[in-house]
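# Survey of secondary and tertiary structure
Chain residues, written in single-letter form:
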Amino acid sequence: MRLRGSANWPNASRPPSIKRFAPLPHVGNPTRTFPPVKMVRVMSDALDSPSVHVPVLPEEVCSLLLACDPEVAVDCTLGLAGHARLLLERSPRLRLIGLDVDSHNLSAAAERLAPFAGRIQLVKANFADLREVLTRLQVEGAGAILADLGVSSNQISDPQKGLSFEVDGPLDMRLDENLTTTAADLVNGLPEGELADLLYLQSQERLSRKISKRICQVRRQGRINSTVQLARLVAFAVGQNPDAHRGRIHPATRTFMALRMAVNREAASLQRLLAQAPDCLRAGGRIGVISFHSGEDRLVKDDFRTRSRAGIYELVTKKPVCAGEVESATNPRSRSAKLRVAQRESSP
Ligand SMILES: C[S@@+](CC[C@H](N)C(=O)[O-])C[C@H]1O[C@@H](n2cnc3c(N)ncnc32)[C@H](O)[C@@H]1O
């Protein structure tokens, strides 16, 4: 048991609490980039997906993370609590700390997890601050840590989040409302060269210069504020008909992905999580990360390998675990999912 004192956990009769810590300072460059991204058709499927979020690789997550019989698990990306619920159902003694930067998802998750109120603690926090969160909760080491990266289907289809080129909405893209820079700020404010670099470095958009040039021409006539406006102008910039992309990757897919990653500082947050994870796991505890593009997966793979060579981790999955045929057919998001799991070795 790694919890100091039982006061950290709400009583079974109380509804799940959501702690809102004061935002922690974020270190790191918002435009820090992932290694190169391979774009596949599923990326567009994921962005077009319906509002119901189906957790990916559910069996694999449960069997690989519960194999070490954890007492405390941290779901770093609680979302709509799909994975969290399964973990709590499968492991009746498990206590779960759930983190999310999105207050709406956190509230929805609290409702879905109400039957487990005595075993959960939900925190509005960035997983980049995991160590700080566990210290504040007086948790010395978790037995399992899960991060299911990216965004949930309901976030994509929420027009107010401004993540989709299909649903018109403000060009926002912030998952965490405490962030101050929106996608509109980047699109309307960055110099042409910097905008092109952002598109290229974040998502390897090869037509970044053309797109950036067109954005700068259009914004001279007035601020670009909506998702569909941006999607259409990107399509025109690369010589495509914005109304005829069905069945193919939308020409604005990489532009949207690059802006979302920059706005939410996704690469920097993942790197900070990976750096802190060994200190946040007890000996024998496991970390599982599900990534959705090759840039994220590369960071996870390299981190786990480096630490396994240093005797900090043992690799539980030598190769990433991917969805089988049935899951791929029924849940398009799962087609690009890669799960890697590592186990914390005993402290030297
Ligand atoms: C793919 S969804 C997780 C879905 C969840 N596993 C489920 O089964 O419902 C990713 C979630 O992580 C959240 N998120 C993204 N980046 C985050 C970060 N750096 N820290 C905390 N939460 C984050 C998003 O707001 C979103 O709710």
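If you're wondering where the values come from, they're calculated on a predicted model, not measured in any experiment.

Further remarks concern the overall build of the protein. Within the protein, the secondary structure is distributed over 14 helices and eight strands. Buried residues in the protein amount to 50% of all 348 residues. When contacts within the protein are restricted to residue pairs at least 6 apart in sequence, long-range pairs at least 24 apart make up 74% of them.

Phi at Asp69 takes a positive value of approximately 50°, unusual for a residue other than glycine. Inspection of the secondary structure puts Asp69 in the loop between α2 (58-66) and β2 (72-75). The phi dihedral of Arg265 falls on the positive side, at around 50°, and the residue is not glycine. Within the secondary structure, Arg265 is located in the loop between α11 (253-263) and α12 (266-280). The class for Arg265 is buried, based on 23 C-beta atoms found within 10 Å.

What follows concerns the site of the ligand. Not every one of the 23 residues close to the ligand is listed here, only the nearest: Pro55, Thr77, Gly79, Gly82 and Asp148. If you list the elements that add at least two residues to the shell around the ligand, you get α3 (82-90) and β3 (95-100). Of the residues that constitute the shell around the ligand, the class distribution is ten nonpolar, ten polar and three charged.

Our focus in this paragraph is the nonpolar core. Soluble globular proteins tend to pack their nonpolar side chains together in the buried interior. In terms of nonpolar packing, the biggest core is built from 93 residues, with Ala73, Cys76, Leu99, Ala142, Ile145 and Leu273 touching the most fellow members. The two domains that each donate at least three residues to this core are domain 1 (6-154 + 266-344) and domain 2 (180-263). Aside from chain neighbours lying at most four places away, what touches Leu99 is Val74, Asp75, Cys76, Leu78, Val123, Ala125, Phe127 and Val133.

With that settled, consider helix α4 (residues 103-112). Burial in α4 covers these residues: Asn105, Leu106 and Ala109. Angularly, the buried residues of α4 cover 100° about the axis, an arc narrow enough to put them on a single face.

Close contact between α2 and α3 brings their axes to 10 Å; oriented N to C, the two are set at 50°. Between α2 and α3, the interaxial angle falls into the category oblique. Relative to α3, α2 is oriented so that their crossing is right-handed. On α3, the residues that touch Pro58, Val61, Cys62, Leu65 and Leu66 of α2 are His83, Leu86, Leu87 and Arg90. In terms of residue class, the contact of α2 with α3 is made up of seven nonpolar, one polar and one charged.

Along α3, the residues that are buried comprise Gly82, His83, Ala84, Arg85, Leu87 and Leu88. Next to the buried residues of α3 lie α2, β2, β3, α4 and β5 (142-148).

Time to look at the environment of Ser308. Following the sequence through the fold, Ser308 ends up in helix α13 (residues 294-309). In this structure, the C-alpha to C-alpha distance between Ser308 and Arg344, residues 36 residues apart in sequence, is 9.0 Å. In this structure, Ser308 is in contact with Tyr313, Glu314, Leu315 and Ala342, ignoring residues within four places of it in sequence.

Mapped onto the elements, Tyr313 comes out in strand β7 (residues 313-315). Between the alpha carbons of Tyr313 and Ser346 there is a distance of 8.9 Å; along the sequence they are 33 residues apart. Excluding residues that lie within four positions of it along the chain, Tyr313 makes contacts with Phe304, Arg307, Ser308, Ala342, Gln343, Arg344 and Glu345.

Before going further, it helps to examine the confidence of the model for the protein. Should pLDDT be low for a region, the predicted coordinates there are not to be read in detail. On average, residues of the protein carry a pLDDT of 88, and 84% of them reach 70 or more. Per-residue pLDDT stays below 50 along residues 37-50; that stretch engages in 36 contacts with residues further than four places along the chain or on separate chains.

We now examine the pairing of β2. Burial of the side chains of β2 extends over both faces: Val72 and Val74 are buried on one face and Ala73 and Asp75 on the other. Of the strand pairs in this sheet, β2 and β3 are connected by four bridges, and their pairing is parallel. Looking at β3, one finds that Val74 is bridged to Ile97. Considered for its hand, the β-α-β crossover made up of β2, α3 and β3 is right-handed. Direction of pairing for β2 relative to β5: parallel, over a ladder of three bridges. Residue pairing for β5: Asp75 is matched across the bridge by Leu146.

So, about the environment of Val187. By the secondary structure assignment, Val187 is in helix α7 (residues 183-189). By the C-beta count within 10 Å, which is 24 here, Val187 ends up buried. Spatially, the C-alpha atom of Val187 lies 8.9 Å from that of Arg223, the residues being 36 residues apart in sequence. With residues up to four places along the chain from it excluded, the contact list for Val187 reads Leu171, Ile215, Ile224 and Leu230.

Definitions and limits used
Going along each chain's sequence as written, the residues are numbered from 1 onward. A pLDDT threshold of at least 70 governs which residues receive local features in this predicted model, and a stricter bar of 80 or more applies before side-chain atom pairs are shown or counted, although totals over entire chains, interfaces and linings include all residues. The secondary structure listing takes helices from DSSP runs of H or I that are at least 4 residues long and strands from runs of E that are at least 2 residues long, numbered from the N terminus. The exposure label follows from counting other C-beta atoms within 10 Å of a residue's C-beta, where the C-beta atoms are placed from the backbone and the thresholds are 20 or more for buried and 12 or fewer for exposed, leaving partly exposed in between. Remark: residues whose backbone-derived C-beta atoms lie within 7 Å of one another are considered to be in contact. The criterion for a residue being near a molecule or strand is a backbone-placed C-beta atom within 6 Å of that molecule or strand. Polar here means any residue outside two lists: the nonpolar Ala, Val, Leu, Ile, Met, Phe, Trp, Tyr, Cys and Pro, and the charged Asp, Glu, Lys and Arg; Gly therefore counts as polar. To count as a nonpolar core, a set of buried Ala, Val, Leu, Ile, Met, Phe, Trp, Tyr and Cys residues must be joined through C-beta atoms within 7 Å. Either an automatic procedure or a domain database provided the assignment from which the domain bounds are taken. Throughout, the arc means that of the directions going from the helix axis to the C-beta atoms. Lines fitted to the C-alpha atoms define the axes, with helices restricted to the stretch that makes contact. Angles between their N-to-C directions range from 0 to 180 degrees. The scheme is simple: roughly parallel for angles under 35 degrees, roughly antiparallel for over 145, roughly perpendicular for 65 to 115, oblique for anything else. For any pair of crossing helices, the crossing counts as left-handed if the nearer helix is rotated counterclockwise from the farther one by less than a right angle, and right-handed if it is rotated clockwise. The quantity known as pLDDT measures the predictor's confidence residue by residue, on a range of 0 to 100. The criterion for strand pairing is that DSSP finds at least two bridges linking the strands in question. A crossover gets the label right-handed when its path from the first strand over the helix to the second runs clockwise, viewed with the strands pointing away from the viewer.

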